[in-house]
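Analysis of the macromolecular model
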Amino acid sequence: MARGANGQQLGVAPPLDARRLERLRLALRRTVPSRGLGAHLHRRMGQSMEFREHRTYVFGDDIRKVDWAASARRGDGDDLVVRAFEAEERRTLVLIVDCRLAMALPQPLEKLRVAFWIAQCVMQAALAEGDKVLFGTLFGPDDTRIHKVDGPRGMAGVRQIATNLLARRPTQADWEQTPKMRVDALIDALPPVAAVVVISDMLFPDQQGRFAALSRSAQKGFRTFHVVELDSWPMERAALEAGPFRLAGQEGRRFRDGLSEVTPGFLQEADARIAAHLRGWRRRIAGPGLIWPRLPYALPATVAPTVKEVHGWFQSTLPTAPFLHGLLSRVGL
Amino acid sequence: MWAAGMLAVGALVATVAFHLRKQTFRDIRVSVAALLPEPPQSKAPKTRISLVAPLMSLRFWIRLAVIGLLLMALAPFLWALALPAAPDSRAVVVRIVLDTSASMQVGGPGASRFDQALGVLAGLPARIAAAAPDACTEWVVAGARLAALDAGAALPARPDRDGAPVGRLLAALSPQVAGSCGAVPSHAVVVTDTTPRPVSAPVFGGHVIWHQVGAPLPNAAIDAVSLLGGGLSGVAAKLSVRIAVYGADLDTIAVTGQGPEGPLDFAVRRDPDRDRGWLAEAEVRTAGRHDIEIAPGGGFDGDDRVTLQVSDPSNVAVDWQLPALPAPARFVAAPRNGTDAIRVAPVQALTAGGDPARAESWPAGRFLGTYAGWRTGTPTEIGPFLHQHPILAGLNLDVWAAGPPTPAGVTLPPGFVPVLRADLPGAPVWIAVRETPRGAIVPTPVPGGDTDQARLGAVVFFNALRWVAEGGGADALTPVWRDAQGGIGQEALSESDTARALAEPPDYARLGDAPRAAPVGPADSPVVVAASSGTGAETPLAPWYVLAALVMLLIDRAIGPVWRRRDQA
């Protein structure tokens, strides 16, 4: 377990108790149902294709549901009409956590730890909703294995995976290796109707288009593809600004051996490169089923937060996290 | 040792300074590294000194412990050795050692070395007073006896008749010899006829002034006397006298002797094995007292004459207790008061009433023990045996193995050595010997008979008898050196070298040197004894301290990577 600045330990279980999460879930469910509102970031998934009603098209609706004949008959100028179907509420949630070594940074609040916190919160809520939950990893030691999480035992299994990943003690050679992604098992395991959630910092390169392929599969049919982007750059930037440093190389990138320090120009260039990389991803995986909020889930910008500070940050930011609404509510953003 | 101490202090300071040094930079790993440009170089220094005590650093404490353990290992040497001290750090105690051994008489009355030594001693108090007015002076005589004189006691008028090894002079310097001043001496003056020699600090930590007296004088000495032949050797017995010459070589030397039946006729020749040595031999036919003298004797006369007792050189006295086997003619019955007779008897008789496994059960003198072993023996392989032992001379071991005796069945006590053993479980012994004084255990010979067993038995028995007889009795030859007056002088040969070169007179200015920082305190203090004798009353702990320091170093190396990661975490 990582330690906070005061030596206390950060755990694998999310610092959000079950009652609080349940209240959050129920609060999200009390939002106005989708009738009359668009759901461009949230697809109602279900097995039934029974027609229920026509309603006015709102920005974000699946263009395939536009009833052109009804729209023409309506003759209201630009107003289109979409078909709404009866859909079963039970759906499948597929959670995928990015397990690259870089996700084990920054210390002491690793993105991987936060990712597993989020994953457990979402799984718990989904299980309470009666949804099926599947769990997999990207860049992990066993990407080919998809875990079915159907209760406390399944949750315990996920926590064990988190513990094992967080306990890794990589060597410098491990850090310098380029991580490899395997997505075939994940793609094969996607049910026809599912919300596929990837929790990652999205800072990895797309090796041979594999992630793009996953994204495409996850947006087919009645699936939606959610990206929960974790942003640790503010915290890492603050660490770099704290004084002279010696930067360690990783994922094929090496730096000079001597001391370095940041300058405004360096930070500006770094900001630009990170933003360009993320823009590139948005372009590559854009699709009708992609739900990737504009604002990432940002880690605190403190260099060495205490355990208490970390817990406080998570408890205060998660309920209002943009991705959470899209996942747990019936309302799109 | 000052250097070692300074080195230790330097290591301590360096360790503290090393741990006060803090890194000014951090080793950072960021998740966006793959996207970052090359960061600008920093000109900041890599380390700085932080005056915060590294109390939480385990490695700091380990390194301190290593230095401390090494200092503890060095401490006895720093403590015990003489170190320069500030003036007036302790009182001046001068020990004067006078050699009173027999060789100090060389030179004749009125001009002997002892007279010269007394002359030197007469002037010493004035010298001491001039160099150290407040010094305390004590006197020790070292000769046949080693004794500290009481304050004001008179010096001996003449040297001892007996000799003494040079080590006695060094022993006289030891603080364990409590002088009249009641404190460890800081200076010593040794007046002797032996050449100056270095005195190591563990022996005496103070300043030593060695004053040799006596011009070199050539000397001849009877070095050793031995008896050759006689007994069962088949040749006439002879006294062999070895003569050593010190100083100028002698062109000739006369050796005379007197025995019970008259003068001894010595044939004198050069000793081929020693430079300037001589050998003299004379036949001896009669047991009893023999006196031998050499001339010229040289400077020291205590080594020119010896007296010795010779047992019957032609016959061997035995106490024959084998009724079934008559004693050979060359053996004579042991005199009633004879203590040197060889006991020839069955083993049971020799150890009667005692446990044969105990050495005390066997005769203290020479013996030949027999056991009834020659029966119809079954062939038995020969086991371990002493190759070329005289008892096995002429023995055909193949014939022995074909029909050996029954083993002795005796548990050999300490001091006994098996000569021939059987290759059977337990390796039972057929023949065994004791070296000092000689004894042997052999099968009882079968009288008469022309069998292999009879012949083997006879060969073994008489080989053993000759071997035991050749060993010499306890009092066969114990030369006693006498002086011209006939007095017995112990350790005479320690005084023979009177031709030692005379060293230059010493520099008495050293009497004014400040006392060394040797331990001050009562002479029986364990630290003083340890420092002076070099052997410490207690087991030295220095090696254990060094071992502990090495173990700590290993721990430091082992935890280094772990601790570094923890520091960086």
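Note that the structure is predicted; figures quoted are calculated from it, not measured.

Some words on the overall build of chain B
- Across its full length, chain B carries 9 helices and 25 strands.
- Taken across its 569 residues, chain B has 42% of its residues classed as buried.
- Contacts in chain B between residues at least 24 apart in sequence constitute 71% of all its contacts with a sequence separation of at least 6.
- For chain B, the exposed surface amounts to about 28200 Å²; the carbon and sulfur share of it is 59%.

Description of the overall build of chain A
- Across its full length, chain A holds 11 helices and 10 strands.
- For chain A, buried positions account for 51% of its 333 residues.
- Taking contacts inside chain A between residues at least 6 apart in sequence as the whole, the part at least 24 apart equals 76%.
- Of the roughly 15400 Å² of accessible surface on chain A, 52% is carried by carbon and sulfur atoms.

Remarks on the packing of helix H8 (residues 233–241) of chain A against helix H9 (residues 264–285) of chain A
All names here are of chain A.
- It is at 12 Å that the axes of H8 and H9 come closest, and there the two elements cross at 160 degrees. By the angle class used here, H8 and H9 are roughly antiparallel. By crossing handedness, the relation of H8 to H9 is classed as right-handed. Every residue of H9 that contacts H8 at Trp233, Arg237, Leu240 and Glu241 is listed here: Phe266, Leu267, Ala270, Asp271 and Ile274.
- Among the residues forming the contact of H8 with H9, the class breakdown is 6 nonpolar, no polar and 3 charged.

A closer look at the interface of chain B and chain A
- Listed by partner, the interface residues are 22 residues for chain B and 36 residues for chain A.
- In total, chain B and chain A occlude about 3000 Å² of area from one another, counting both sides; carbon and sulfur atoms represent 60% of this.
- In this structure, the connection of chain B to chain A is made through 2 salt bridges.
- In this structure, the salt-bridge partner of Arg246(A) is Asp27(B), at a minimum N-O distance of 2.7 Å.

Regarding a nonpolar patch on the surface
- A cluster of nonpolar residues, Leu541(B), Trp544(B), Leu547(B), Val551(B) and Ile555(B), forms a patch on the protein surface that exposes about 480 Å² of accessible area.
- Along the chain, Ile555(B) falls in helix H9 (residues 542–568).

Comments concerning the sheet that holds strand E9 (residues 219–228) of chain B
Residues and elements named next belong to chain B.
- A sheet is described by the order of its strands in space; here 4 strands give the open sequence E9-E10-E14-E13, paired in antiparallel fashion. The sheet is open, and its two edges are formed by E9 and strand E13 (267–270), each paired on a single side. Between one strand axis and the next, the sheet turns through 20 degrees on average, direction left out of account.
- Relative to strand E14 (residues 278–283), E13 runs antiparallel, the two sharing 4 bridges. Note on E14: the bridge partner recorded for Ala267 is Glu281.

A word on the state of the cysteines
Residues and elements named next belong to chain B.
- Taken as a whole and assessed by the stated rule, the structure comprises 1 disulfide over all chains.
- Two residues share a disulfide in this structure: Cys136 and Cys181, whose sulfurs sit 1.9 Å from each other. Negative torsions about the S-S bond denote left-handed disulfides, and the value of about -95 degrees found for Cys136 with Cys181 makes this one left-handed. Here Cys136 is found in strand E5 (residues 136–142), whereas its partner Cys181 is found in the loop between helix H4 (167–171) and strand E7 (187–192), with 45 residues between them in sequence.

Notes on the packing of helix H3 (residues 111–128) of chain A against helix H10 (residues 307–317) of chain A
Residues and elements named next belong to chain A.
- For the pair H3 and H10, the least separation of the axes is 12 Å and the interaxial angle reads 40 degrees. Between H3 and H10, the interaxial angle falls into the category oblique. The hand of the H3/H10 crossing is right-handed. Contact residues: Val114, Trp117, Ile118 and Cys121 in H3; Val310, Trp313 and Phe314 in H10.

What about the confidence of the model for chain A?
Residue and element names in this part refer to chain A.
- Residues of chain A with pLDDT of at least 70 account for 85%, and the chain-wide mean is 83.
- For chain A, per-element mean pLDDT is lowest for strand E1 (residues 50–56), which scores 69, and highest for H9, which scores 95.
- Low pLDDT, under 50, characterises residues 31–47; the predicted model gives this stretch 58 contacts beyond four residues in sequence or across chains.

Concerning the packing of aromatic side chains
All names here are of chain A.
- In this structure the tally under the stated criterion is 18 aromatic pairs over all chains.
- Taken together, the ring pairs in this structure connect Trp117, Tyr297, Trp313, Phe314 and Phe323 into an aromatic cluster.
- Sitting over the face of the ring of Trp281, Arg284 holds its NZ or CZ atom 4.4 Å from the ring centroid.

Points about the sheet that holds strand E16 (residues 305–310) of chain B
Residues and elements named next belong to chain B.
- Reading across the sheet, the 5 strands line up as E12-E11-E15-E16-E25 and stay open at both edges, with antiparallel pairing between neighbours. The open sheet is flanked by strand E12 (262–264) and strand E25 (480–482), the only strands paired with a single partner. The mean inter-strand angle of the sheet, taken between neighbouring strand axes irrespective of direction, is 25 degrees.
- Relative to E25, E16 runs antiparallel, the two being bridged by 3 bridges. Following the sheet pairing, Arg305 is matched in E25 by Arg482.

Some thoughts on the nonpolar core
- Ranked by internal contacts, the top residues of the largest apolar core, which has 48 residues, are Ile118(A), Ile199(A) and Tyr297(A).
- At 11 residues, H3(A) tops the list of elements feeding residues into this core.
- Discounting chain neighbours no more than four positions away, the residues touching Tyr297(A) are Val114(A), Ile118(A), Glu229(A), Leu230(A), Asp231(A), Trp313(A), Phe314(A), Thr317(A), Leu318(A), Ala321(A) and Phe323(A).
- Formed by 41 residues, the second largest nonpolar core is a distinct cluster that contains Val318(B), Ile391(B), Val410(B) and Leu420(B).

Observations regarding the pairing of strand E23 (residues 429–434) of chain B
Residue and element names in this part refer to chain B.
- Within E23, 6 of the 6 residues are buried, leaving the element largely enclosed by the surrounding structure.
- Here strand E22 (residues 416–422) folds back onto E23 in antiparallel fashion, the turn holding 6 residues, of which Gly426 has a positive phi close to 85 degrees.
- Between E23 and strand E24 (residues 439–443), which pair antiparallel in sequence order, lie 4 residues.

Points about the pattern of salt bridges
Residue and element names in this part refer to chain A.
- The full count for this structure, using the stated rule, is 30 salt bridges over all chains.
- Linking Asp271 and Arg237 is a salt bridge whose minimum nitrogen-to-oxygen distance equals 2.8 Å. Residue Asp271 is found in helix H9, and its partner Arg237 is found in helix H8; the two are separated by 34 residues along the sequence.
- Judged by relative accessible area, which is 28%, Asp271 ranks as partly exposed.

Quick word on the environment of Arg343(B)
Residue and element names in this part refer to chain B.
- Within the secondary structure layout, Arg343 lies in strand E19 (residues 342–346).
- Each C-alpha atom, one on Arg343 and one on Arg366, is 6.5 Å from the other, the two residues being 23 residues apart in sequence.
- The contacts of Arg343, once residues within four sequence positions are left out, are Asp319, Gln321, Ala349, Leu350, Pro363, Arg366, Phe367 and Leu368.

Digging into the side chain of Arg95(B)
- Residue placement: Arg95(B) occurs in strand E4 (residues 93–99).
- Residue classification places Arg95(B) among the buried residues on the basis of a relative accessible area of 0%.

Quick notes on unusual backbone geometry
Residue and element names in this part refer to chain A.
- The omega angle of the peptide bond from Leu105 to Pro106 is -10 degrees, so this bond is cis rather than trans.
- For Met202, which is not a glycine, the phi torsion comes out positive at approximately 60 degrees.
- One can find Met202 in the loop between strand E6 (193–200) and helix H7 (210–218).

Analysis parameters
Residues numbered from 1 in each chain as written. Chains lettered and ligands numbered in written order. Predicted model: local features only at pLDDT ≥ 70, side-chain atom pairs only at ≥ 80, totals over all residues. Heavy atoms only, no water. Helix = DSSP H or I, 4+ residues; strand = E, 2+ residues; numbered from the N terminus. Buried < 20%, exposed > 50% of the residue type's maximum accessible area, 1.4 Å probe, protein only. Contact = heavy atoms within 4.5 Å. Areas by Shrake-Rupley, 256 points an atom, 1.4 Å probe, with all protein chains shown as cover. Axes fitted to C-alpha atoms, helices over the stretch in contact; angles between N-to-C directions. Parallel < 35°, antiparallel > 145°, perpendicular 65-115°, else oblique. Left-handed = near helix turned anticlockwise from the far one by under 90°. Nonpolar A, V, L, I, M, F, W, Y, C, P; charged D, E, K, R; others polar. Buried area = accessible area lost by both parts, 1.4 Å probe. Salt bridge = Lys/Arg side-chain N within 4 Å of Asp/Glu carboxyl O. Patch = residues over 30% accessible without salt bridge, like charges linked within 9 Å, V, L, I, M, F, W, Y side chains within 5 Å. Pairing = 2+ DSSP bridges. Disulfide = S-S within 2.5 Å. pLDDT = per-residue confidence, 0-100. Phe/Tyr/Trp six-rings, centres within 6.5 Å; stacked < 30°, edge-to-face > 60°. Lys NZ or Arg CZ within 6 Å of the ring centre and 35° of its normal. Core = buried A, V, L, I, M, F, W, Y, C linked by side-chain atoms within 4.5 Å.

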